[in-house]
Amino acid sequence: MARSNTKNVTLKFLSEQLGLHVSTVSRVLNGGVHDAETAASPETIKKIRELAQSLNYTPNTLAKSLKSQKSQVVGVLVPKLSDLVLATIYEGIDAAATKHNYVTFVSNTNDVPKNQRKLGEMALSRRVDGLIIADAHLNNAETTEFFDFLTQRDIPFVLVSRGVDGFPSVTCDDYLGGRLAAEHFLSSGKHQCIGILAGEPFASTGYLRAKGFKDYCFEHGVQLLEKNIIHSGFDVDSGYHAGLQLLSQENAPSAVFAVNDFIAIGLMGAVKKLNLLSGKDISIIGFNDISLAKQLPIPLSSINSPMYAMGFNAFELLLKIMNGSEAESLKMKPTIMCRESSLDYQHHS
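Residues numbered from 1 in each chain as written. Predicted model: local features only at pLDDT ≥ 70, side-chain atom pairs only at ≥ 80, totals over all residues. Heavy atoms only, no water.

Now, about the pattern of salt bridges: what can you tell me, with residues and values included?
Counted under the stated rule, the structure contains eight salt bridges. For Asp 289, the salt bridge goes to Arg 339, with nearest N and O atoms at 2.9 Å. You can see Asp 289 sitting in the loop between strand E9 (283-288) and strand E10 (301-304) and its partner Arg 339 sitting in the loop between strand E12 (335-337) and helix H14 (345-348), a full 50 residues away along the chain. For the pair Asp 289 and Arg 339, a shared accessibility class is recorded, and that class is buried. Sharing partners across several salt bridges, the network here consists of Arg 117, Glu 121 and Glu 145. (Salt bridge = Lys/Arg side-chain N within 4 Å of Asp/Glu carboxyl O. Helix = DSSP H or I, 4+ residues; strand = E, 2+ residues; numbered from the N terminus. Buried < 20%, exposed > 50% of the residue type's maximum accessible area, 1.4 Å probe, protein only.)

The structure is reproduced here in structure tokens:
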């Protein structure tokens, strides 16, 4: 018999290999002495234990605790709660939790996958009923392994803000949002040289927003140059430095899409540093439409994502999963808010 990957060894797998009912295998391996003796014959007990030992099976205490009692507590993992977007999403999560008589606690992973696994397991050891995860990384072995770990052990979880194919999530339709930004720029007929401050490539938010933007431009005959697509962190400082890099080039773009508002605000700082004017010399659109966007000295055009509703719906989806219902991922619709930071503001008003 082929040796199984140890992380895939479950009671179900062992029962299938032995041709026994899963409850029999469970009573032998996870029950007390009396349970084992009454579950099967001595020969069968021996076979079960030998196979379990050869495959390095260990009882899944985390899943057992989840199934044995409800704690009415949900763990939430975020990159940084100081991020206004994530704080707003968390407010939505917490409001829905309160509505259903749950409490939540949040852990900051600093967007590091190994921290995600460590903090996730710490939350599970405290017998949370499920997890909401806001720091998923695309194409990352540690992230995928952690999500597989949760799935194989029937531990309820939902991704929020960022998605990964194959796992339940509540996100904004980021691809559509990118297309809305491109449509806004191109509808004026003023822009042929356009840039993107694309955020981190490991985040589905930045990846899909940039992809939607690029695809719309391509479909409408506008070619984006690779040198005008710059990846950076999602914070203001990163946006400032990426903006200086982008706008200091020869033949700099006349319009720039920043995949979140913090990057866009940093970009506006770079525009000012270069003695240019946002909304006159450079057209700028951000993403998320944080409350600060419309209060800036030059109000920022932005794609509005329903952050609070995303959080609220993420908890509602998790609750369905915890109650054993089938639950489909949800994409929430973005809208564009046109303000003075984009040259097309007058065109759309």
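I'd like a description of the pairing of strand E2 (residues 103-108), backed by residues and values.
Where strand E1 (residues 73-78) and E2 come together, six bridges link them in parallel fashion. Bridged to Val 74 within E2 is Thr 104. (Pairing = 2+ DSSP bridges.)

Describe the sheet that holds strand E11 (residues 330-332), naming the residues involved and giving the relevant values.
The sheet built from six strands is open, its strands ordered E2-E1-E3-E4-E5-E11 with parallel pairing. Single-partner strands in this sheet number two, and they are E2 and E11. Neighbouring strand axes in the sheet, compared pairwise and without regard to direction, differ in orientation by 20° on average. Bridging between strand E3 (residues 130-133) and strand E4 (residues 157-160) involves three bridges; their strand directions are parallel. In the sheet register, Ile 133 faces E4, and the bridge partner there is Leu 159. Across the face of the sheet, helix H6 (residues 84-99) comes into contact with E1, E2, E3 and E4 while running at roughly 155° to E2. (Axes fitted to C-alpha atoms, helices over the stretch in contact; angles between N-to-C directions. Contact = heavy atoms within 4.5 Å.)

Give me the pairing of E10: which residues, what numbers.
Sheet topology places E9 next to E10; four bridges connect them, and they run parallel. Paired with Asn 288 across the bridge in E10 is Asn 304. Of the strand pairs in this sheet, E10 and E12 are connected by three bridges, and their pairing is antiparallel. In the strand pairing of E12, Asn 304 is matched with Thr 335.

Explain the side chain of Thr 205 residue by residue, including any values.
Within the element layout of this structure, Thr 205 appears in helix H10 (residues 204-219). Non-local contacts of Thr 205, meaning those with residues more than four positions away in its chain, are made with Ser 161, Arg 162, Asp 174 and Phe 234.

Residues and numbers for the packing of aromatic side chains, please.
Counted according to the given criterion, the structure contains nine aromatic pairs. Ring plane angle 45° and centroid distance 6.1 Å describe the contact between Phe 146 and Phe 147, whose orientation is recorded as tilted. Summarising the aromatic geometry, the rings of Phe 157 and Phe 167 are spaced 6.0 Å apart at their centres and angled 45° between planes, so their arrangement reads as tilted. With Phe 157 in strand E4 and Phe 167 in the loop between E4 and strand E5 (169-172), this pair connects stretches of sequence that are ten residues apart. Each member of the pair, Phe 157 as well as Phe 167, is classed as buried. Grouped by ring-pair contacts, the aromatic residues Phe 146, Phe 147, Phe 149, Phe 157 and Phe 167 constitute a single cluster. (Phe/Tyr/Trp six-rings, centres within 6.5 Å; stacked < 30°, edge-to-face > 60°.)

If you had to explain the packing of helix H1 (residues 11-18) against helix H4 (residues 42-54) to someone new, which residues and values would you point to?
The N-to-C vectors of H1 and H4 enclose an angle of 125°; their axes lie 11 Å apart at closest approach. By the criterion of interaxial angle, the relationship of H1 to H4 is oblique. Regarding H1 and H4, the two cross each other, and that crossing is right-handed. Of the residues in H4, those touching H1 at Leu 14, Gln 17 and Leu 18 are Lys 47, Ile 48, Leu 51 and Ala 52. Looking at the contact of H1 with H4 residue by residue, the class counts come to five nonpolar, one polar and one charged. (Parallel < 35°, antiparallel > 145°, perpendicular 65-115°, else oblique. Left-handed = near helix turned anticlockwise from the far one by under 90°. Nonpolar A, V, L, I, M, F, W, Y, C, P; charged D, E, K, R; others polar.)

Talk me through the sheet that holds E10; I want residue IDs and the actual numbers.
Across the sheet, which stays open at both edges, the six strands sit in the order E7-E6-E8-E9-E10-E12 with mixed pairing between neighbours. Each edge of the sheet is formed by a strand with only one pairing partner; in this case those strands are strand E7 (229-231) and E12. With strand direction ignored, the average angle separating the axes of adjacent strands in the sheet is 20°. Pairing of strand E8 (residues 255-258) with E9 involves three bridges; the strand directions are parallel. In the sheet register, Phe 257 faces E9, and the bridge partner there is Ile 285. On top of the sheet, helix H9 (residues 174-187) reaches strand E6 (194-199), E8, E9, E10 and E12; it is set at about 160° to E9, its chief contact. Lying over the sheet, helix H11 (residues 236-247) contacts E6, E7 and E8, oriented at roughly 150° with respect to E6.

So what about the environment of Leu 277? Which residues, and what values?
Following the sequence through the fold, Leu 277 ends up in the loop between helix H12 (261-273) and E9. Between the alpha carbons of Leu 277 and Ile 298 there is a distance of 9.1 Å; along the sequence they are 21 residues apart. Not counting residues within four places of it along the chain, the set of residues in contact with Leu 277 comprises Val 271, Ile 282 and Ile 298.

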